[in-house]
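# Chains, contacts and geometry: an overview
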Amino acid sequence: MKTTLLYLLAGWLAAGTSATFGADAATSKGQTQPNLRCGLFVHWGLVTFTGDPYRGGSTKNIGQVPTARFAPTGFDPRQWAQVAKRAGMDFAMLNAKFEDGFAFWPSKHSDYTVANTPLKADVVGEFIAACKAEGVLPGIFYSLIDAHNEGAFREKGPVGPPFFDLIKKQLIELHTRYPDIRIQAIDMATKLSKSQFDDLCATVKQLNPQCTILGDQKAPWGQNFGYDTVIKSWFWRSDTSLTPMAQIFNKYSKAMANGWPFLLSVGPDQGGRIPDDQIRALMELKELIAANPTSTALAAPTGAKANPAERLKQVKELYEKGLIPKEDYDKKVKEIIDSL
């Protein structure tokens, strides 16, 4: 029995393997793809300033918040990249365009951008430069849900020609302005037809051959990679709390055991920096990973067969430390015994 997670990641090389997933499985032949393990996912935007409890649920006023609300006083992307580096992460991803349609670069194809805010900074450009300076691979997240530019919050297609034209123009704009993008996440690709999705992938690859594409037209975002949030929200809120570290480590362990990358979301505050409590949580995870090299014991290793007694010992150790729930413990014990 294999441990099953309901997550999707397409386009990354799984850490320690030579396989590709999703979009890049057909387009990356002969190219060197990054070997990614753990990354920082930066969620920042208009939602940070509205206080809406947005985590896969509330879409109240999304796409309608005036850009004037976005007024950070201490925007510091170098701090984000430094935090990722200190936490031992090899890549970082910024939500360049979230589901509200707000673009973090001065797009010529929309009025709903950072250029029309009090900040006016090119957040995508500065984020990429900061990642390069710290030796962290930069990635961007682009949502195909766009409540502002599509006129409503639509999770399903079809995507008509006018909106698809905007999507394509913005992706062309991004990969023309920022040739150092190494990871391109296309969220909610299920909205597109196969021909539309293939068109976008081909366009990105033509402009930026070194870029790995994440996204799958056949499956929703959330399978074949691990993810969690440091806080119990995608975006910073004054009343949110930290996610229990045992939960985060459990999801990390499952991702590693399945050979998948792991994305951990943080939310910079209204000033524009990752708060100290979130940084401490990231450092705690780093220490936990270093102290538990057996955290990948949840799945049978590839190659030579491991000693069953040793695997049982490793899984029991994780369970006794409270790092995996009893359900997973029982499943793995049964799997190991059944393999004898």
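Refer to the structure printed above.
This report concerns the structure included in the present document. (Residues numbered from 1 in each chain as written. Predicted model: local features only at pLDDT ≥ 70, side-chain atom pairs only at ≥ 80, totals over all residues. Heavy atoms only, no water.)

### Topic: the overall build of the chain
Condition: Secondary structure follows DSSP: runs of H or I at least 4 residues long count as helices, runs of E at least 2 residues long count as strands, and numbering of each begins at the N terminus. Any two residues whose heavy atoms approach within 4.5 Å at even a single point are treated as in contact. To be clear on the numbers: accessible area is Shrake-Rupley with a 1.4 Å probe, and residue cover counts the displayed protein chains and nothing else.
Per the secondary structure count, the chain includes nine helices and nine strands. Sequence-distant contacts in the chain: of pairs separated by 6 or more residues, those separated by 24 or more amount to 76%. Per element, the accessible surface of the chain, about 14400 Å² overall, is 52% carbon and sulfur.

### Examining the nonpolar core
Counted only if it meets this: Joining through side-chain atoms within 4.5 Å is the link that ties buried Ala, Val, Leu, Ile, Met, Phe, Trp, Tyr and Cys residues into a set, and such a set is a nonpolar core. Think of it in three bands: with a 1.4 Å probe and only protein chains considered, a residue is buried below 20% of the maximum accessible area for its type, exposed above 50%, and partly exposed in between.
With 71 residues, the main nonpolar core has Leu40, Trp80, Phe104, Val124, Leu174 and Leu282 as its most contacted residues. Setting aside residues no more than four positions away along its own chain, Leu174 makes contact with Trp105, Val124, Ile140, Tyr142 and Ile181.

### A word on helix α9 (residues 326-338)
Selection rule: A helix is expected to reach a length of 1.5 Å times the quantity of its residues less one. Working definition: the arc comes from the directions between the helix axis and the C-beta atoms, pointing outward to the latter.
Across its 13 residues, α9 extends 18 Å between first and last C-alpha, which sits within 8% of the 18 Å expected from 1.5 Å per residue. Of the residues making up α9, those classed as buried are Asp328, Tyr329, Lys332, Val333, Glu335 and Ile336. Looking straight down α9, one finds its buried side chains confined to an arc of 160°; they lie on one side. Exposed residues pointing more than 90 degrees away from the buried face of α9 are listed as Glu327 and Asp338. In this structure, the buried residues of α9 make contact with α6 (245-257) and α8 (308-320).

### Notes on the pattern of salt bridges
Just so we agree on the cut-off: By definition here, a salt bridge exists when the distance from a side-chain nitrogen of Lys or Arg to a carboxyl oxygen of Asp or Glu is within 4 Å.
Enumeration according to the criterion identifies twelve salt bridges in this entry. The shortest N-O distance in the salt bridge between Asp76 and Arg273 comes to 2.5 Å. Of this pair, Asp76 sits in the loop between α1 (46-50) and α2 (77-86) while Arg273 sits in the loop between β9 (262-266) and α7 (276-291), and the two are 197 residues apart along the sequence. Across the salt bridge formed by Asp146 and Lys97, the nearest N and O atoms sit 3.0 Å from each other. With Asp146 in the loop between β5 (137-143) and α4 (161-177) and Lys97 in strand β4 (residues 91-97), this pair connects stretches of sequence that are 49 residues apart. The exposure classification of Asp146 matches that of Lys97, with both residues buried.

### Let's talk about the packing of aromatic side chains
Working definition: an aromatic ring pair is given by the centre-to-centre distance plus the angle between the planes. Quick note on the threshold: Each Phe, Tyr or Trp ring (for Trp, its six-membered ring) is paired with any other whose centre lies within 6.5 Å, and the angle between the two planes then decides the class: stacked below 30 degrees, edge-to-face above 60, tilted in between.
Tallying each qualifying case throughout the model produces 16 aromatic pairs. Geometrically, the ring pair formed by Trp44 and Phe75 is stacked, given 5.5 Å between the ring centres and 10° between the ring planes. Placement of the pair is Trp44 in the loop between β3 (38-42) and α1 and Phe75 in the loop between α1 and α2, with a sequence separation of 31 residues. Grouping residues by exposure puts Trp44 and Phe75 together as buried. Residues Tyr252 and Phe262 carry aromatic rings whose centres are separated by 5.7 Å and whose planes lie at 90° to one another, so their mutual orientation is edge-to-face.

### Some remarks on the sheet that holds β4
Working definition: the strands of a sheet are paired by backbone hydrogen bonds and lie parallel or antiparallel to each other. The criterion, for reference: Strands are treated as partners if at least two bridges between them are detected by DSSP. Axis lines are fitted to C-alpha atoms, over the contacting stretch for helices. Their N-to-C directions set the angle, which ranges from 0 to 180 degrees.
Reading across the sheet, the seven strands line up as β7-β6-β5-β4-β3-β9-β8 and stay open at both edges, with parallel pairing between neighbours. With one partner strand each, in any of the chains shown, β7 (212-214) and β8 (226-229) form the two edges of the open sheet. In this sheet, adjacent strand axes meet at a mean angle of 25° when their direction is disregarded. Pairing analysis gives five bridges linking β3 to β9, with the strands arranged parallel. Each bridged residue has a counterpart across the sheet, and for Val42 the counterpart in β9 is Val266.

### Some points on the packing of α8 against α9
Just so we agree on the cut-off: These descriptions rest on fixed angle ranges, namely under 35 degrees for roughly parallel, over 145 for roughly antiparallel, 65 to 115 for roughly perpendicular, and the rest for oblique.
Two numbers describe how α8 lies on α9: the axes approach to 10 Å, and their chain directions differ by 175°. The pairing of α8 with α9 is recorded here as roughly antiparallel in orientation. Contacts between α8 and α9 involve Pro308, Arg311, Leu312, Val315, Lys316 and Tyr319 on the former and, on the latter, Lys326, Tyr329, Lys332, Val333, Glu335 and Ile336.

### Quick notes on unusual backbone geometry
A cis geometry characterises the amide bond from Gly157 onward to Pro158, with omega recorded as 5°. Along the polypeptide, Pro158 turns up in the loop between β5 and α4. Here Lys120, not a glycine, exhibits a phi torsion of approximately 65°, which is positive. For Lys120, the position within the fold is in the loop between β4 and α3 (123-134). One non-glycine residue, Met188, lies in positive phi territory at about 60°.

### Details of a nonpolar patch on the surface
Which entries qualify depends on this criterion: Patch building starts from residues that exceed 30% relative accessible area and form no salt bridge, then joins like charges within 9 Å and nonpolar side chains (Val, Leu, Ile, Met, Phe, Trp, Tyr) within 5 Å.
A grouping of Leu312, Ile337 and Leu340 is seen on the molecular surface, where their side chains present a nonpolar patch of about 290 Å² in accessible area. Here Ile337 is to be found in helix α9.

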